[in-house]
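# Chains, contacts and geometry: an overview
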Amino acid sequence: MKSLKYMMAAGCLLTLGLSSCSDFLDVNVDPDKPNNTTAEVANRVPWIQRMFMYSAGITNYRTSMIAGVLYSTSGTHGPAAVTWNFAPGTTTSSYQTWFVETAANLNDLYNKAKAENAYHYMAVADIYHALGFMQMLDLYGEIPYTEALGNSPVPAYDDGKTIFNGCVAKLDEAIKLLSEAQPATATPLSKGDLMNGGDAQKWLKMAYGLKARFLLKLSKKAEFDPEAILDCLSKGPQSIDDNSVMPCFNSGQDVTDYLMGDPIMTNGNWNCVAYGTTQRITKYYTDLLTDMRGAGVEDPRYTKIVPAVMTNIKVVDGKVQSYDWARSKGVDCHGDCERLKAVGWNSIVAPTWAATNKDITYNIADATARDKFVSDIQKLHKTTVDGTKVKVTYQTGSVYVNSTNYAYAGDTAYVSLRSNSKLTGNQTKEENDVYWYFSTNDALNAGAVGSTGSFQTRPVSDFEIMTYHEACFIKAEVLYRKGDKSGALTAYKAGIKAHLDYMQKKLTEWQGQGYNNPDMMPMNNDAITAYMNSAAVCQNASDLKMSDIMLQKYVAMGCSLENWNDMRRFNYGAGNIADFGVVYPGMDRSVLFTGTDKLKGTSKDDPKYWPRRWRLPATLELSYNEAQALAINKHAEDTDIWSYPVWWDCATDAEYEGYLK
């Protein structure tokens, strides 16, 4: 491991009104050169919160592709969505941003807070310690932990059990510290807390909620303790008002992260999922929003999560005058994958916009394919056929793919998740305009929208850390495991409603802030009521299945590491956990699977059939700290380490230790 560097604010750019520049540092210290001993606790926390969000956003993005929520054409990240032939570069950024940008500051925050008896700041350091190191355990299994934040350039590794117990202990200490009143001489938490406004009780509920999340990971183990989880939940979030979410902003005054060069005040998921045009929603995910439980009922969240594009555009004097919205089609990564099989797993092409009429001629030798193409395309555009050649005129205002390969022409149906920020794409637009406009000046000036974006992944979306809806779904699962189906049904329905209410609250806030994006407007309340009473939601305890609980949780968590954690706990689509059956129907290796050297299992019941962890970053740990990595796990450099379960994913310590030897 390279020696860690401190990352602290060099000015007042991110204090966001929490403190003035005159308060940022002691008057006897150069305000332009804060360091790890002079920076005040109130000025450390916003950066830790922002940088953790950035690291977690990277993690959410890349694990959401493994879990079937997202698709990408990126050669580095896309294999996680389709082929499961994982690219080495997938694993670096989460590790680097956690250790360098966040973890390196935690001890200094804790010690500085301890010196002034600022118990609540000490608790914040503990909570972020637990969040980040648990994230590292979830991803990599074994990492430097007890020596990670010391002075050694080659810290020793710890096993998963040590890391897990250490993270739980940090939460326990945070709970104790948050329960104490700070002395009047200590810095108030409100001075440095961007997320919960300094509300110690909200932080306390967050800590209990996170502890319930952590203990749930032990569901395969004999030490799994339902009562301990339920006790935590009774003290955790009790309503959407208890949600701990990071507020995010779209501002031309934003600053950029020094490692990646991305905006800091924007949502961490946006920085990865919706910064560019290569990411899209999957069919697996959209099907749950339109056909949950096979009911054929459209979820009111569907139009808020799945992006739309302007279509049937009419242009007058260079400006869009009329149009319709077309909702994105989900990319089929785990079913028949017909579109991807046709030209390649990463072949979906981003469309463009016709500022003037655009002619494209396709040469289609196969008569059946040609006839079908002509039949479909001539409904929308002027088409002429000359032998094997088909000329299509895309009229002014059309959305089209600029390629002569006819297989790409239908890719306009797959709408990018991209959403623009003031700093990166909409400099000429107002801050409450986060549409993505097709990437030409003509399109931007005309107002031709290429994507409305998605609820969790706009620059101004809240970044979810711990929510009431997650707490409800945890409770539903635990009660179901106990055999209390009636209680599980109540908690399951509460989880669905909590997520709907949370979204509605945010959508109403956006409406009040002047956004004109229809996907950022509130849902119809009657549609919410109808959905809750529909067959898409289980209405009877006797009919409730574990898959009902987990699929609704999957929808609500969306772009979140927790979906991949849950899939591992239930062995994806294997159906071999207790008597729960297949919890994630249709979740299997893609027909385009090529990762035979990464996942060597040959049957669904074999743990090594499925992705279980990430390989350590080759450019960091396996280059600079190789000996320590191999000392804890002799398989750390093996190509199939991706299929080795982490500690909490094993039923016993003996099983886990068998994977290390």
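Residues numbered from 1 in each chain as written. Predicted model: local features only at pLDDT ≥ 70, side-chain atom pairs only at ≥ 80, totals over all residues. Heavy atoms only, no water.

## Some words on the overall build of the protein chain
We count it as follows: Segments assigned H or I by DSSP are reported as helices when at least four residues long, segments assigned E as strands when at least two residues long, and all are numbered from the N terminus. Restricting the calculation to C-alpha atoms gives the radius of gyration, and the globule rule supplies 2.2 Å times the number of residues raised to the power 0.38. Classification of residues uses two cut-offs on accessible area relative to the type maximum, computed with a 1.4 Å probe and protein chains only: under 20% is buried, over 50% is exposed, and between them is partly exposed. When checking whether two residues touch, look at their non-hydrogen atoms; a contact exists if any pair is within 4.5 Å. Computed by Shrake-Rupley with a 1.4 Å probe, the accessible areas treat only the displayed protein chains as cover when residues are assessed.
Each helix and strand counted, the protein chain has 22 helices and 15 strands in total. A globule of 661 residues ought to have a C-alpha radius of gyration of about 26 Å, and the protein chain, at 25 Å, matches this closely. Projected onto its principal axes, the C-alpha positions of the protein chain cover 80 × 60 × 55 Å. Residues classed as buried in the protein chain amount to 60% of the 661 residues present. In the protein chain, of all internal contacts separated by at least 6 residues, the share reaching a separation of at least 24 is 73%. Carbon and sulfur atoms make up 48% of the accessible area of the protein chain, which amounts to about 24000 Å² in all.

## A few points about the sheet that holds strand E9 (residues 358–363)
Put simply, the rule is: What makes two strands pair is DSSP finding at least two bridges between them. Axis geometry follows a simple rule: fit a line to the C-alpha atoms, using only the stretch in contact for helices, then measure angles between N-to-C directions, giving values from 0 to 180 degrees.
Reading across from one edge, E9-E11-E10 is the order of the three strands in this open sheet, with antiparallel pairing throughout. Every interior strand has two partners, whereas the edge strands, E9 and strand E10 (382–386), have only one. Ignoring which end each strand starts from, the neighbouring axes of this sheet average 20° apart. When E10 meets strand E11 (residues 389–394), the two strands line up antiparallel, connected through five bridges.

## Brief notes about the pattern of salt bridges
The criterion, for reference: One side-chain nitrogen of Lys or Arg within 4 Å of one carboxyl oxygen of Asp or Glu is enough to make a salt bridge.
Enumeration according to the criterion identifies 30 salt bridges in this entry. Linking Lys161 and Asp653 is a salt bridge whose minimum nitrogen-to-oxygen distance equals 2.8 Å. Taken together, the residues Lys161 in helix H6 (residues 160–178) and Asp653 in helix H22 (residues 653–660) connect sequence positions 492 residues apart. The shortest N-O distance in the salt bridge between Glu562 and Arg213 comes to 3.9 Å. With Glu562 in helix H19 (residues 561–569) and Arg213 in helix H7 (residues 200–216), this residue pair connects regions lying 349 residues apart in the sequence. With respect to burial, Glu562 and Arg213 carry one shared label: buried. Each of Asp138, Arg213, Lys217, Glu470 and Glu562 takes part in salt bridges that share partners, so that together they form one network.

## Observations concerning the environment of Ala541
As for its position among the elements, Ala541 is in the loop between helix H17 (525–532) and helix H18 (546–557). Between the alpha carbons of Ala541 and Lys358 there is a distance of 58 Å; along the sequence they are 183 residues apart.

## Describing empty space enclosed by the protein
Unoccupied space between atoms shows up once a probe the size of one water molecule is rolled over them. So the rule is basically this: A cavity here means a set of 1 Å grid points, computed over protein atoms only, where a 1.4 Å probe fits but cannot escape. A pocket is an open set with protein on both sides within 12 Å along at least 5 of 7 lines, and lining residues have an atom within 4 Å of a point. Grid points are joined across faces, edges and corners, and a volume is the space filled by probe spheres set on the points. We call Asp, Glu, Lys and Arg charged. Ala, Val, Leu, Ile, Met, Phe, Trp, Tyr, Cys and Pro are nonpolar, and the rest, Gly among them, are polar.
Enumeration according to the criterion identifies six cavities of 30 Å³ or more in this entry. Roughly 310 Å³ of volume is contained in the largest cavity. Asn60, Arg213, Glu464, Ser560 and Glu562 are, among the 24 residues lining the largest cavity, the residues nearest its centre. Contributions of two or more residues to the lining of the largest cavity are made by helix H2 (41–66), helix H5 (119–140), H7, strand E15 (463–466) and H19. Class assignment of the residues belonging to the lining of the largest cavity gives a composition of 11 nonpolar, six polar and seven charged. Its volume calculated, the second largest cavity comes out at about 140 Å³. Surrounding the second largest cavity, 17 residues form its lining, Ile305, Ser454, Gln456, Gly558 and Cys559 being those nearest its centre.

## What to know about the layout of surface pockets
Roughly 1100 Å³ of internal volume is contained in the largest pocket. Taken together, 45 residues form the lining of the largest pocket, with Ala409, Gly410, Asp411, Thr412 and Ala413 sitting closest to its centre. Among the secondary structure elements, those contributing two or more residues to the lining of the largest pocket are helix H10 (283–291), strand E6 (308–316), strand E7 (319–327), helix H12 (338–343), helix H13 (367–377) and strand E12 (399–400). Ranked by residue count, the leading element in the lining of the largest pocket is E6, at six residues.

## Looking at the side chain of Asp548
Considering the arrangement of structural elements, one finds Asp548 in helix H18. Here Asp548 is in contact with Arg293, Tyr492, Cys538 and Asp543, once residues within four sequence places are set aside.

## Examining the nonpolar core
What counts, and what does not: Throughout this description, the term nonpolar core refers to a set of buried Ala, Val, Leu, Ile, Met, Phe, Trp, Tyr and Cys residues connected via side-chain atoms within 4.5 Å.
Core analysis: the largest hydrophobic core is formed by 178 residues, its most contacted members being Ile127, Ile549 and Tyr584. Here the element with the most residues in this core is H5; it accounts for 16 residues. Residues contacting Tyr584, with those up to four places away along its chain left out, are Tyr284, Met550, Leu551, Tyr554, Asp566, Met567, Phe570, Tyr572 and Gly573.

## Topic: the environment of Pro79
Summarising the element assignment, Pro79 is placed in the loop between strand E1 (70–72) and helix H3 (92–102). In the structure, Pro79 is positioned 14 residues away from Met65 in sequence and 8.5 Å away in space, judged by C-alpha atoms. Sequence-distant contacts of Pro79, defined by excluding residues within four places in its chain, comprise Ser74, Trp84, Asn85, Phe86 and Trp345.

## A closer look at the packing of aromatic side chains
We apply this condition: Two rings from Phe, Tyr or Trp (for Trp, the six-membered ring) form a pair when their centres are within 6.5 Å of each other. A pair whose planes differ by under 30 degrees is stacked, one over 60 is edge-to-face, and the rest are tilted.
For the coordinates displayed, the defined rule picks out 32 aromatic pairs. For the pair Phe52 and Trp98, a centre-to-centre distance of 6.2 Å together with 85° between the ring planes defines the contact as edge-to-face. With Phe52 in helix H2 and Trp98 in helix H3, this pair connects stretches of sequence that are 46 residues apart. Here Phe52 matches Trp98 in class, with each residue buried. Measuring from ring centre to ring centre gives 5.7 Å for Tyr644 and Tyr659, while their planes differ by 65°; the resulting arrangement is edge-to-face. Here Tyr644 is found in the loop between helix H21 (626–632) and H22, whereas its partner Tyr659 is found in helix H22, with 15 residues between them in sequence. By relative accessible area, Tyr659 is classed as buried at 14%.

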